[in-house]
Structure formats: structure tokens, C-alpha cells
Amino acid sequence: MRHKFTWVLLLALIVCALGVITSQHLARKLYSELEKEQKFTRELEVEFGKLQLEQSTWAAHSLIERAATDRLSMHIPDPREVQVVQSSLAKRSQ
């Protein structure tokens, strides 16, 4: 009887050891994936910052004005050429 109990305990010990090994392996694998995703997140944040900087550069008033003048041959109209048009909503409110 004592001999059977020893074998049962040995079997339980082996099963528990395999469970610990499996769970540690899974934890290490998941941690490795987490590190990869965090690195990818940091790379995306850097790229997003660069894109925001580029957007603010392209949206600068002086750059738009220069492009309108040089590429589109636009100019500021003479005040005598300007006509103010009121919308129908503005006429109703008066």
C-alpha cells in the first residue's frame, strides 16, 4: 500500500513539474510578443510625430501663399476689384 502511494505522489510530482514548465514557457513567449508590440508602438509614435511635423510644415501660411503666387500665379486683388456679397441668410436677419 505504501509503495502505491509513493508512485501516485511521484506521478503527481511529474504532472505538476510539466505544468510549471509549460506555464513558464507560455509566459516567456507572451512576454516576448509583448516586447515586440511595444517596440512597434514606439516606432508608430515616432512616425506619427514626424507626420504631424510634416503636416504643420505644409500647412504654414507662408508656404501656401508662396505656392499660390509662384505656381498658380495668384495675387492679392486690388481693393477696387473686391465686391462684398451678402448671403440670403444675412439679408433675412437685418
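Everything numeric here is computed off the predicted structure, so don't read it as measured data.

Caption draft 1: Region of interest: the overall build of the chain. On a plain count of helices and strands, the chain comes out with three helices and zero strands. Ordered by position in the sequence, the α and β elements of the chain form the string α-α-α. Relative to the globule expectation of 12 Å for 94 residues, the C-alpha radius of gyration of the chain, 36 Å, shows a markedly less compact shape. Projecting the C-alpha coordinates of the chain onto the three principal axes gives extents of approximately 115 × 40 × 15 Å. Each of the 94 residues in the chain was classed as buried or not, and the buried ones make up 1%.

Caption draft 2: Quick look at a nonpolar patch on the surface. Together, Trp-7, Leu-10, Leu-13, Ile-14, Leu-18 and Ile-21 make up a nonpolar patch on the protein surface, roughly 620 Å² of accessible area in all. Positionally, Trp-7 belongs in helix α1 (residues 2-58).

Caption draft 3: Local environment of the confidence of the model for the chain. Mean pLDDT for the chain: 90, with 95% of residues reaching 70 or above. Element-level mean pLDDT values for the chain span from 68 in helix α3 (residues 88-93) up to 95 in α1.

Caption draft 4: Spotlight on unusual backbone geometry. Its identity is not glycine, yet Ser-73 carries a phi of approximately 55°, on the positive side. In this fold, Ser-73 is placed in the loop between α2 (61-70) and α3.

Rules used throughout
- Every residue gets a number counted from 1 within its own chain, in the order that chain's sequence is written.
- Reporting of local features is limited, given that this is a predicted model, to residues whose pLDDT is at least 70; pairs of side-chain atoms are given and counted only at 80 or more, and all residues count toward the totals for whole chains, interfaces and linings.
- To get the side-chain values, all heavy atoms of the structure are used, and hydrogens and water are removed first.
- Here a strand is any run of E in DSSP of at least two residues, a helix any run of H or I of at least four, and the numbering for each starts at the N terminus.
- The globule rule is 2.2 Å times the number of residues to the power 0.38, and the radius of gyration it is compared with is taken over C-alpha atoms.
- Only protein chains enter the accessibility calculation, which uses a 1.4 Å probe; a residue whose area is less than 20% of its type maximum is buried, one above 50% is exposed, and one in between is partly exposed.
- To count toward a patch, a residue needs a relative accessible area above 30% and no salt bridge. Like charges then connect within 9 Å, nonpolar side chains (Val, Leu, Ile, Met, Phe, Trp, Tyr) within 5 Å.
- Working definition of accessibility: Shrake-Rupley area with a 1.4 Å probe, residue cover restricted to the visible protein chains.
- A pairing counts as a salt bridge when a side-chain nitrogen of Lys or Arg comes within 4 Å of a carboxyl oxygen of Asp or Glu.
- Every residue is assigned a pLDDT by the predictor, reflecting its confidence on a scale from 0 to 100.

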